[in-house]
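What follows is the residue order along each chain.
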Amino acid sequence: PPDNAGVSYFMNLFFTMPFWQLLVRETNRYAEQYLRRNENTLRPQARARNWVVTTVREMKVFIGLWLLTGLIHKPQIHLYWSSDPLLSTPAFHAAMSSKRLKLMLQLLHFSNNEGL
């Protein structure tokens, strides 16, 4: 690796652009399927109703944050966004809202369910 290799250099060795594109395509497809299938049963305030199509850039941030939870252990997911100075993890605040991360986690998909 180059002397100045950062995290993204190593991530790109394991996660190729076709992988990211697949993840984005299938997550967006599943979100659409989920919303269509549950349109009459989802509560008006359901998190899924706020779905906005994801992108490769956002998916990289999401996966990066999720991997980071393996290095920075907290007992509950919402604590990564805590404003308490003793619990604060500013990188999470700066990268993505907790609502968006939870929604992406809920809808993350690797394959087309309709094709199975």
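This text goes with the structure placed above it.
Residues numbered from 1 in each chain as written. Predicted model: local features only at pLDDT ≥ 70, side-chain atom pairs only at ≥ 80, totals over all residues. Heavy atoms only, no water.

Digging into the side chain of Asn38
In this fold, Asn38 is placed in the loop between α2 (17-37) and α3 (56-68). When its relative accessible area of 16% is taken as the criterion, Asn38 is described as buried. Here the side chain of Asn38 touches Tyr34 through a polar contact of 2.8 Å, landing on its backbone oxygen. (Helix = DSSP H or I, 4+ residues; strand = E, 2+ residues; numbered from the N terminus. Buried < 20%, exposed > 50% of the residue type's maximum accessible area, 1.4 Å probe, protein only. Polar contact = N/O pair within 3.5 Å; in protein donor to acceptor, adjacent residues only side chain to side chain.)

Overview of the packing of α2 against α3
The relative placement of two packed helices is expressed as an angle between their axes plus a distance between the axes. Running from amino to carboxyl end, α2 crosses α3 at an angle of 95°, the nearest separation of the two axes being 9 Å. With respect to α3, the element α2 is oriented roughly perpendicular. Judged by residue contacts, Met17, Trp20, Gln21, Leu23, Val24 and Thr27 of α2 engage Val56, Met59, Lys60 and Ile63 from α3. Here the contact of α2 with α3 is composed, by residue class, of seven nonpolar, two polar and one charged. (Axes fitted to C-alpha atoms, helices over the stretch in contact; angles between N-to-C directions. Parallel < 35°, antiparallel > 145°, perpendicular 65-115°, else oblique. Contact = heavy atoms within 4.5 Å. Nonpolar A, V, L, I, M, F, W, Y, C, P; charged D, E, K, R; others polar.)

Brief notes about the packing of aromatic side chains
Throughout the structure, instances matching the rule amount to nine aromatic pairs. Aromatic pair Phe15 and Trp20: ring centres 5.4 Å apart, planes at 55°, arrangement tilted. Taking the relative accessible area as the measure of exposure, Trp20 reaches 1% and is therefore buried. Their ring planes at 70° and their centres at 5.4 Å tell us that Phe19 and Trp20 sit as a pair that is edge-to-face. Ring-pair connections join several aromatic residues into one group, and the members of that group are Phe15, Phe19, Trp20 and Phe110. Note that Arg100 overlies the ring of Trp51, its terminal NZ or CZ placed 4.4 Å from the centroid. (Phe/Tyr/Trp six-rings, centres within 6.5 Å; stacked < 30°, edge-to-face > 60°. Lys NZ or Arg CZ within 6 Å of the ring centre and 35° of its normal.)

As for the side chain of Gln33
On the secondary structure map, Gln33 appears in helix α2. Judged by its relative accessible area of 6%, Gln33 falls in the buried class. Leave out the neighbours within four places in its chain, and Gln33 touches Asn112, Asn113 and Glu114.

A closer look at the pattern of salt bridges
Oppositely charged side chains may form a pair once their charged atoms are brought near each other. The full count for this structure, using the stated rule, is five salt bridges. Across the salt bridge formed by Glu114 and Arg36, the nearest N and O atoms sit 3.4 Å from each other. Residue Glu114 is found in the segment after α5 (98-107), and its partner Arg36 is found in helix α2; the two are separated by 78 residues along the sequence. On the basis of relative accessible area, Glu114 is assigned to the exposed category, the value being 58%. The class of Arg36 is partly exposed, set by a relative accessible area of 45%. Residue Arg100 is joined to Glu58 by a salt bridge in which the shortest nitrogen-to-oxygen separation is 2.8 Å. Placement of Arg100 in helix α5 and of Glu58 in helix α3 is noted, with a sequence separation of 42 residues between them. Exposure class is identical for Arg100 and Glu58. Each is buried. Each member of the salt-bridge network shares a partner with another, and the members are Arg25, Glu26 and Arg29. (Salt bridge = Lys/Arg side-chain N within 4 Å of Asp/Glu carboxyl O.)

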